[in-house]
Structure formats: C-alpha cells, structure tokens
Amino acid sequence: MGCSFGTTGVRVAAWVSPEIVGMRDAAYDLNVTTDKVTGAADPLGHEYHIMYGLFLIPVLKNAGHATKMLEIGLGCAMNYGPGASALLWRKLLPNTELWEADIDQLCIKKHQISMLQQGIHRLVGNQKDPADLQRWIETSRGDFDAIIDDGSHFNADIMNTFDALWPHLKPGGTYFMEDLQVGRSVHYEDTKGDRVPSDVLQSWMEQLVMPDLLTPKGVFQPQVSLGQRANLSAWRSWNRTLANRQARQARERHPVPADVAFVFCQAESCAIGKKLRIPEFALPGATMPPSERAARHANRNPFYPRSPSRGNLRRTGSVRGPSPGRGRSAANTTGAADALPPKQAS
C-alpha cells in the first residue's frame with residue numbers, strides 16, 4: 001500500500017521514508033541540484049536519495065553524538081560546477097563534521113573560502129595514490145561515521161580506496177559506493193576482471209545470506225578435516241553444480257570482511273554497513289571452537305540431519321557419544337548435541 005510524503009496527493013512506494021523524499025526535495029531547493037537525486041527526471045541522473053534516506057540522513061541526524069563524514073568527489077568536473085552535494089549535506093546535516101576530497105587542486109583552492117564559510121573541510125589528492133589516501137586519513141584523523149566514494153569510478157580505485165578507508169570507518173558506520181554501473185565498461189575496468197565491484201559485492205552478499213558455518217566467517221577453508229565436517233554431504237554440494245563451484249571460487253577470491261554487517265544495493269550504487277563489534281572467532285588468527293561450529297551448523301542449517309522425534313542432532317560417524325538412559329548418566333554423554341551453548345538469559 002502506498003504512502004504520501006512531500007508533495008500533497010502524490011502516492012509513492014510504501015518503503016519510501018520521509019528522509020528519502022526530504023533529501024530529494026532539499027536538493028531541488030538549492031540553486032544547483034546534484035545529480036544524485038535527479039534520476040526520475042534526467043536519464044543521466046541517479047536516485048541515490050533512496051540509500052542515503054535509509055542509511056545516512058536518519059542515522060547521522062539521530063546519532064546522539066558528534067558525527068563525521070567524508071565524501072570523495074567535490075564535483076569539480078561536473079557541468080553544473082562543484083559543491084552541489086557538499087552544500088546538500090551541509091543543509092541536511094548541519095552538525096556533522098564534513099570533509100570533501102577531490103583531485104583538482106585548482107578547483108579546491110578556488111572554492112576554499114566558501115567551503116570554510118560553510119564549515120566544510122577540504123582534502124586534495126588522487127585516490128589512486130595510497131600515499132594520498134594515507135594523508136587524507138592523517139589530516140582528517142579518520143574515525144568517520146560515513147564515507148562516500150563518488151570519485152574516479154575506476155574499479156581498482158574503488159576497491160583499493162575501500163581497503164584503505166574501511167578500517168577508519170567507525171563500528172556501526174556505513175560506506176557508500178556510487179556509479180557502479182560503469183564497472184564493466186572498457187574505460188573504467190582496470191582490474192582484468194579480478195575486482196569488479198559488482199562481482200565483489202555480490203559475493204559478499206551471498207556470503208552474508210549463506211554463511212559458511214563450518215569455518216570462521218570471512219575465511220573460506222576448502223580443506224577441513226573430517227572431524228570438523230558436521231555435514232559432509234552439505235559440504236560436498238559446493239562442488240555439485242557449476243553455479244555452486246562458481247560461488248565457491250568467488251568466495252575464495254573475495255572473502256567478505258569479518259566486520260561487514262550488510263550490503264544494500266540499489267540502481268547503480270551500494271551501501272556497506274559495519275558491525276558494532278566483531279565476534280572473537282572471526283578475528284585474524286582466531287578459530288571457531290569445533291563445538292561452537294557444530295552447534296551453529298545444527299541451529300542454522302536446515303539441511304542438517306535431526307532426530308524426527310526430539311529435534312536433537314542425529315549422531316553420525318563424526319559425532320559420537322553414549323546415549324542417555326542406557327546405563328550411563330546424561331552428564332557423561334558427548335557429541336555435538338551437548339556442545340550447544342547454554343541459553344542466555346533474556
């Protein structure tokens with residue numbers, strides 16, 4: 001069922017929030033309108049106000065603490081001139097510490113006074129250069145609540161910039177990638193097919209939707225001992241079809257970072273959310289205890305064999321232990337069923 005926000009009498013999709021419409025309307029109220037919101041009227045425009053209305057505006061407005069944001073790409077090369085999105089962010093997020101980075105030093109210098117008057121901090125450099133990325137981090141001191149990559153749009157730049165800046169995004173923050181639709185064009189594809197952002201993000205989404213429950217998240221381990229395989233038939237299914245083999249190979253090439261909470265994609269762009277904390281078993285060098293691995297696999301994998309009568313794990317060759325009630329006490333039994341963690345008090 002549709003809902004109405006903004007313009008009176010106009011019905012929009014039920015998922016459209018006031019923040020989504022509010023960002024679009026605020027952009028059109030400015031003297032220069034950023035192409036981030038003009039997709040409905042301009043074939044060259046976008047509708048990024050959807051993801052920003054969901055994951056940026058309401059989050060930073062209601063954070064309850066000082067917030068900080070970095071946008072790569074002031075818009076110096078745009079035909080309508082630089083700063084359209086920066087002014088929009090300043091209007092919508094008046095209390096956020098805002099940093100704008102661009103490669104065009106002359107453009108930044110020309111507009112530095114007006115930027116300072118708006119409380120907008122500037123950074124100059126090329127996101128292709130790791131030294132410039134490091135200098136941006138040092139100058140701004142990192143610790144961002146949100147990062148927007150609207151820079152060069154080259155695949156290598158997008159992924160290398162993510163690698164460099166993701167550690168400097170606060171837990172609970174969101175990283176935005178714009179203009180991903182050009183990722184397979186000859187001009188922007190400079191990774192020889194190894195790191196096309198769309199491929200990477202699609203693999204991350206599958207790993208989040210279908211986590212590998214036999215190994216620590218973010219680490220795909222095809223060589224696992226029989227004792228660790230709670231469900232060998234399910235493990236073998238990874239090689240059963242071409243689609244499964246391709247998905248497994250994508251996981252090996254693009255393991256999802258352990259602190260990624262979600263990947264949201266819309267037309268031409270994606271948002272990557274960061275977890276508030278990383279489970280200890282997913283930290284570098286850590287391993288998930290076999291008991292916890294078996295328990296997680298049993299609790300979350302619908303294909304794991306269970307006893308039809310009691311819902312407990314069916315004992316297999318790799319899960320052994322005497323059964324309660326056959327001359328032994330239940331306290332002496334072993335196996336995956338006993339490895340289930342105790343229920344936490346609510």
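Bear in mind that the values here come from a model prediction, so they are computed numbers and not experimental data.

1. Quick word on the confidence of the model for the protein chain
Okay, step 1: Summary statistics for the protein chain give a mean pLDDT of 79 and a share of 69% for residues scoring 70 or more.
Okay, step 2: The model gives residues 224-231 a pLDDT under 50, and that stretch makes 18 contacts with residues more than four places away or in other chains.
Okay, step 3: Counting contacts from residues 297-346, a segment whose pLDDT is below 50, to residues more than four positions away or on other chains yields 55 contacts.

2. Points about the state of the cysteines
Okay, step 1: Evaluation of the coordinates by the stated rule reveals two disulfides.
Okay, step 2: The partner cysteine of Cys-76 in its disulfide is Cys-107, sulfur to sulfur 2.1 Å. Across the disulfide from Cys-76 to Cys-107, rotation about the S-S bond amounts to roughly -85°, and the bridge is consequently left-handed. Of this pair, Cys-76 sits in the loop between strand S1 (68-72) and helix H4 (84-92) while Cys-107 sits in helix H5 (residues 105-117); the two residues are 31 residues apart in sequence, bridging distant segments of the chain.

3. Let's talk about the packing of aromatic side chains
Okay, step 1: Here the structure, examined in full by the defined rule, presents nine aromatic pairs.
Okay, step 2: Among the aromatic residues, ring-to-ring pairing joins Phe-162, Trp-166, Tyr-175 and Trp-204 into one connected group.
Okay, step 3: Above the plane of the ring of Phe-154 lies Lys-128, whose end atom (NZ or CZ) is 5.0 Å from the centre.
Okay, step 4: Residue placement shows Lys-274 over the ring face of Trp-166; its charged tip is 5.2 Å from the ring centre.

4. Here we look at the pattern of salt bridges
Okay, step 1: This structure, assessed with the given rule, holds 13 salt bridges.
Okay, step 2: One salt bridge in this structure joins Lys-128 and Asp-157, with 3.2 Å as the shortest N-O distance. Here Asp-157 lies in helix H7 (residues 155-165) and Lys-128 lies in the loop between strand S3 (120-124) and helix H6 (130-140), a separation of 29 residues in the sequence.
Okay, step 3: Look at Asp-157 and you get buried, because its relative accessible area is 3%.
Okay, step 4: Residue Arg-135 pairs with Asp-132 through a salt bridge whose shortest N-O separation is 3.0 Å. Of this pair, Arg-135 and Asp-132 both sit in helix H6, three residues apart, which is roughly one turn of the helix.
Okay, step 5: The exposure class assigned to Arg-135 is partly exposed, which follows from its relative accessible area of 36%.
Okay, step 6: Judged by relative accessible area, Asp-132 falls into the buried class, the value being 15%.
Okay, step 7: When salt bridges with common partners are traced through the structure, they connect Lys-36, Glu-71, Asp-150 and Glu-178 into a single cluster.

5. Section: unusual backbone geometry
Okay, step 1: Even without a glycine there, the phi angle at Asp-143 is positive, about 60°.
Okay, step 2: Mapping Asp-143 onto the fold places it in the loop between H6 and strand S4 (144-149).
Okay, step 3: Owing to a relative accessible area of 45%, Asp-143 belongs among the partly exposed residues under this scheme.
Okay, step 4: Look at Glu-268: it is not a glycine, yet its phi comes out positive at around 75°.
Okay, step 5: Look at Glu-268 and you get partly exposed, because its relative accessible area is 29%.

6. Overview of the pairing of S1
Okay, step 1: With five of five residues buried, S1 is to be regarded as a mostly interior element.
Okay, step 2: Covered by surrounding structure in S1 are Lys-68, Leu-70 and Ile-72 together with Met-69 and Glu-71, the residues of both alternating faces.
Okay, step 3: Where S1 meets strand S2 (residues 97-102), five bridges bridge the pair, whose relative direction is parallel. Paired with Glu-71 across the two strands is Glu-100, which belongs to S2.
Okay, step 4: Between the parallel elements S1 and S2, the chain passes through H4 in a crossover that is right-handed.
Okay, step 5: As defined by bridge partners, S1 adjoins S4 across four bridges and the pair is classed as parallel.

7. Some thoughts on helix H1 (residues 18-29)
Okay, step 1: Helix length check: H1 (twelve residues) gives 16 Å between terminal C-alpha atoms against 16 Å at 1.5 Å per residue, within 8%.
Okay, step 2: Residues Ile-20, Val-21, Met-23, Ala-26 and Ala-27 constitute the buried set of H1.

About the criteria used
- Residues numbered from 1 in each chain as written.
- Predicted model: local features only at pLDDT ≥ 70, side-chain atom pairs only at ≥ 80, totals over all residues.
- Heavy atoms only, no water.
- pLDDT = per-residue confidence, 0-100.
- Contact = heavy atoms within 4.5 Å.
- Disulfide = S-S within 2.5 Å.
- Helix = DSSP H or I, 4+ residues; strand = E, 2+ residues; numbered from the N terminus.
- Phe/Tyr/Trp six-rings, centres within 6.5 Å; stacked < 30°, edge-to-face > 60°.
- Lys NZ or Arg CZ within 6 Å of the ring centre and 35° of its normal.
- Salt bridge = Lys/Arg side-chain N within 4 Å of Asp/Glu carboxyl O.
- Buried < 20%, exposed > 50% of the residue type's maximum accessible area, 1.4 Å probe, protein only.
- Pairing = 2+ DSSP bridges.
- Right-handed = clockwise from strand over helix to strand, strands pointing away.
- Expected span 1.5 Å × (residues − 1).

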